[in-house]
Amino acid sequence: MILKSQVEWALHCCAILAGLPEGRYLSTKALAEFHGLPKEYLSKALQSLSQAGLVHTTLGPSGGYRLARSPAELTFLDVVEAVEGKARTFVCNNIRANNPCRPTDHCDSSPCAIARIMWEADEAWRQKLRGVTLSDLGHILSQEVSPALWKNSFEWVLDRAG
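Conventions adopted
Residues numbered from 1 in each chain as written. Predicted model: local features only at pLDDT ≥ 70, side-chain atom pairs only at ≥ 80, totals over all residues. Heavy atoms only, no water. Helix = DSSP H or I, 4+ residues; strand = E, 2+ residues; numbered from the N terminus. Contact = heavy atoms within 4.5 Å. Salt bridge = Lys/Arg side-chain N within 4 Å of Asp/Glu carboxyl O. Buried < 20%, exposed > 50% of the residue type's maximum accessible area, 1.4 Å probe, protein only. Core = buried A, V, L, I, M, F, W, Y, C linked by side-chain atoms within 4.5 Å. Phe/Tyr/Trp six-rings, centres within 6.5 Å; stacked < 30°, edge-to-face > 60°. Lys NZ or Arg CZ within 6 Å of the ring centre and 35° of its normal. 1 Å grid on protein atoms, 1.4 Å probe; cavity = no way out; pocket = protein on both sides within 12 Å on 5 of 7 lines; lining within 4 Å. Points joined across faces, edges and corners; volume = space filled by probe spheres on them. Nonpolar A, V, L, I, M, F, W, Y, C, P; charged D, E, K, R; others polar. Axes fitted to C-alpha atoms, helices over the stretch in contact; angles between N-to-C directions. Parallel < 35°, antiparallel > 145°, perpendicular 65-115°, else oblique. Left-handed = near helix turned anticlockwise from the far one by under 90°.

The chain is annotated in an unreviewed UniProt entry as Rrf2 family transcriptional regulator from Nguyenibacter vanlangensis.

What follows is the structure, given as structure tokens:
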């Protein structure tokens, strides 16, 4: 399974937005500059987050994006599904029905083992993402990122936040 690069972008942007003080917004331009991404392409990922209700947007010179809920209430799965949709990652086309050795009147009463295993794996993956919040990510990053880089990044973002 390969997710769109917009999933990575959206997760990184949400990580930055999670640190914004109440009432502050960060522009697409600032988020694109911070991550070294083309603003036009990043806009699509941010628009997906907005349409899913994960971020609030505002226009004007101090406008931009901020999280619509607290980081503790937003999961990785929320972000992934905002960009990718909620459809299963595996689609069963029931090709077992094409088996020339099956009787023509044979009817399967349940999905095949392959489909069931793939759907179970998809649910396990989603369960893992459902269990990690943006707040959890913040705690991980605060321990893995050097204090100087953490401080400089936060100041950079605050200097550009409206």
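Enquirer: Hey, could you run me through the environment of Ala 115 in this one?
Expert: With respect to the secondary-structure elements, Ala 115 resides in helix H5 (residues 113–130). Distance from Ala 115 to Asn 93, taken between C-alpha atoms, is 9.2 Å for residues 22 residues apart in sequence. If we skip the residues at most four places from it in the chain, Ala 115 touches Phe 90 and Cys 92.

Enquirer: Could you clarify how one ought to interpret the pattern of salt bridges in this entry?
Expert: Opposite charge on two side chains allows them to pair when their charged atoms are near. For the structure shown, the criterion picks out 8 salt bridges. Its salt-bridge partner being Arg 126, residue Glu 81 comes within 2.9 Å of it at the nearest N-O pair. Of this pair, Glu 81 sits in helix H4 (residues 76–84) while Arg 126 sits in helix H5, placing them 45 residues apart in sequence. Comparing Glu 81 with Arg 126 shows no difference in burial state: the two are buried.

Enquirer: What am I meant to see in the nonpolar core here?
Expert: Where a protein is soluble and globular, its nonpolar side chains tend to be buried together. Core analysis: the biggest nonpolar cluster contains 36 residues, and Leu 17, Leu 26, Leu 31, Leu 42 and Leu 49 have the highest contact counts within it. Of all the secondary structure elements, the ones that give two or more residues to this core are helix H1 (5–17), helix H2 (28–35), helix H3 (39–51), strand S2 (64–67), H4, helix H6 (134–144) and helix H7 (147–160). Ranked by residues supplied to this core, first place goes to H1 with 8 residues. Aside from chain neighbours lying at most four places away, what touches Leu 42 is Trp 9, Cys 13, Thr 28, Leu 31, Ala 32 and Leu 37.

Enquirer: Sorry if this is basic, but what is going on with the packing of aromatic side chains here?
Expert: Aromatic rings considered in pairs are described by the distance between their centres and by the relative angle of their planes. Inspection of the entire model under this criterion finds 1 aromatic pair. Ring plane angle 55 degrees and centroid distance 5.1 Å describe the contact between Phe 34 and Trp 156, whose orientation is recorded as tilted. Of this pair, Phe 34 sits in helix H2 while Trp 156 sits in helix H7; the two residues are 122 residues apart in sequence, bridging distant segments of the chain. Arg 66 extends its terminal NZ or CZ atom over the ring of Tyr 25, reaching a point 5.8 Å from the ring centre. The ring of Trp 119 has Arg 88 lying over it, and the distance from NZ or CZ to the ring centre is 4.1 Å.

Enquirer: So what exactly am I meant to see when it comes to the layout of surface pockets here?
Expert: Over the atoms, a rolled probe matching the size of one water molecule traces out where space is still vacant. Considering only enclosed or pocket space, the largest pocket measures out at about 550 Å³ in volume. Lining the largest pocket are 22 residues, and of these Ala 15, Ile 16, Phe 34, Leu 141 and Trp 150 lie nearest its centre. Contributions of two or more residues to the lining of the largest pocket are made by H1, H2, H6 and H7. The class makeup of the residues in the lining of the largest pocket is 16 nonpolar, 6 polar and no charged.

Enquirer: I'm lost on the environment of Ser 5 in this one. Help?
Expert: Residue position: Ser 5 is located in helix H1. Residues Ser 5 and Val 83, spaced 78 residues apart in sequence, show a C-alpha to C-alpha distance of 9.7 Å.

Enquirer: I'm lost on the packing of H2 against H3 in this one. Help?
Expert: Packed helices, taken two at a time, are described by their axes: the angle between them and the distance between them. Closest axis-to-axis distance for the H2/H3 pair is 9 Å, and the angle between their directions is 110 degrees. What the angle tells us is that H2 and H3 run roughly perpendicular. With respect to the hand of their crossing, H2 and H3 are arranged in right-handed fashion. Residues Thr 28, Lys 29, Leu 31 and Ala 32 of H2 form the contact with H3, whose participating residues are Lys 39, Leu 42, Ser 43 and Leu 46.

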